[in-house]
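Take a look at the letters that make up each chain.
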Amino acid sequence: MYKFLKELDQLVKQPNSESLKLSMRNVHAEGIFSLVIKGTEFGKLTRVFIADKKLNPFDVQYHTHRYPITITVLKGNITHHTAEKVTSNNSHDLVAISEYEYRSVLNGGNGLKYSAEVNIKTNEYKLPIGSRIHLGTEDFHTMSCAKGSIWVVEEKGFEKDFSKVLGVPFVTDNLYNLPAMFQTVDKCQVVSRAVKELVLQYELLGVGDL
């Protein structure tokens, strides 16, 4: 973790200007800022998400990704919500819900396409600061968090041309907005402070790479 934090510190202090141009605000939900600090190819970016307001459970619906991802928590109180599709309908703890294929309009797709009604089992757990999780392209998840929470998402390369969503139809009006440069610079400073605090805690213990 220490090595990852040190690399992150350098990326935030000297970000690639072309990467920064891919940053967006109101990503997935209002008040969620996506700061791109590495990469210029979609599906292989390193993004830092900053919550400028509280994100309630299921403000962002259960979804998969077109690429594997790794999530690392830097700050705040974050809950990870997962869903697993099951074929049996005999269990009392199953949830019936609509499933869709999703091809983002931002990437030339047509949005949602209804698939079927499915049964799922749900779970949720807290993600401690400094923890990491890995998700494949079949893993349904979403997150909720307190205002001020920060987490990193590393995209591992496209494996599919669509993702899946569970829930009700939605629109992305007023979302995925380009930020002003001063907003992007401000978010770099916010992330830099959070990373430096964690680095210092390791270094006070004389800890190197874990």
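An account of the accompanying structure is given in this report. Everything numeric here is computed off the predicted structure, so don't read it as measured data.

## A word on the pattern of salt bridges
Item 1. This structure, assessed with the given rule, holds 13 salt bridges.
Item 2. Where Lys 6 meets Glu 203, a salt bridge forms, and the shortest distance between an N and an O atom there is 3.7 Å. Of this pair, Lys 6 sits in helix α1 (residues 2-13) while Glu 203 is found in helix α3 (residues 181-204), placing the two residues 197 residues apart along the sequence.
Item 3. For Glu 18, the salt bridge identified is with Lys 21, shortest N-O distance 3.1 Å.
Item 4. Overall, the relative accessible area of 42% leaves Glu 18 in the partly exposed class.
Item 5. Members of the salt-bridge network, linked through shared partners, are Asp 9, Lys 13 and Lys 196.

## Describing the side chain of His 81
Item 1. By the element assignment, His 81 lies in strand β4 (residues 78-86).
Item 2. Polar contacts involving the side chain of His 81 include one to the side chain of Glu 124, which spans 3.3 Å.
Item 3. Here Ser 144 takes part through its side chain, which lies 2.8 Å from a polar atom of the side chain of His 81.
Item 4. Discounting residues that sit within four places of it in the chain, His 81 has contacts with Pro 57, Phe 58, Tyr 62, Asn 123, Glu 124, Phe 140, His 141, Thr 142, Met 143 and Ser 144.

## Side note on the sheet that holds strand β8 (residues 140-145)
Item 1. Taken in spatial order, the five strands of this open sheet run β8-β4-β6-β5-β10, and their pairing is antiparallel. Strands at the two margins of the open sheet, each flanked by one partner only, are β8 and β10 (163-166). Strand-to-strand, the axes of this sheet are offset by a mean angle of 40°, without reference to chain direction.
Item 2. Where strand β5 (residues 95-103) and β10 come together, four bridges link them in antiparallel fashion. Residue pairing in the sheet places Glu 101 in a bridge with Lys 164 of β10.

## Quick word on unusual backbone geometry
Item 1. The backbone of Asn 26 sits at a positive phi, close to 55°, despite the residue not being glycine.
Item 2. Relative to the helices and strands, Asn 26 is located in the loop between α2 (17-20) and β1 (32-38).
Item 3. With relative accessibility at 12%, the residue Asn 26 sits in the buried group.
Item 4. A positive phi angle, close to 75°, is found at His 28, a residue other than glycine.
Item 5. Among the structural elements, His 28 can be located in the loop between α2 and β1.

Cut-offs used in this document
- Residues numbered from 1 in each chain as written.
- Predicted model: local features only at pLDDT ≥ 70, side-chain atom pairs only at ≥ 80, totals over all residues.
- Heavy atoms only, no water.
- Salt bridge = Lys/Arg side-chain N within 4 Å of Asp/Glu carboxyl O.
- Helix = DSSP H or I, 4+ residues; strand = E, 2+ residues; numbered from the N terminus.
- Buried < 20%, exposed > 50% of the residue type's maximum accessible area, 1.4 Å probe, protein only.
- Polar contact = N/O pair within 3.5 Å; in protein donor to acceptor, adjacent residues only side chain to side chain.
- Contact = heavy atoms within 4.5 Å.
- Pairing = 2+ DSSP bridges.
- Axes fitted to C-alpha atoms, helices over the stretch in contact; angles between N-to-C directions.

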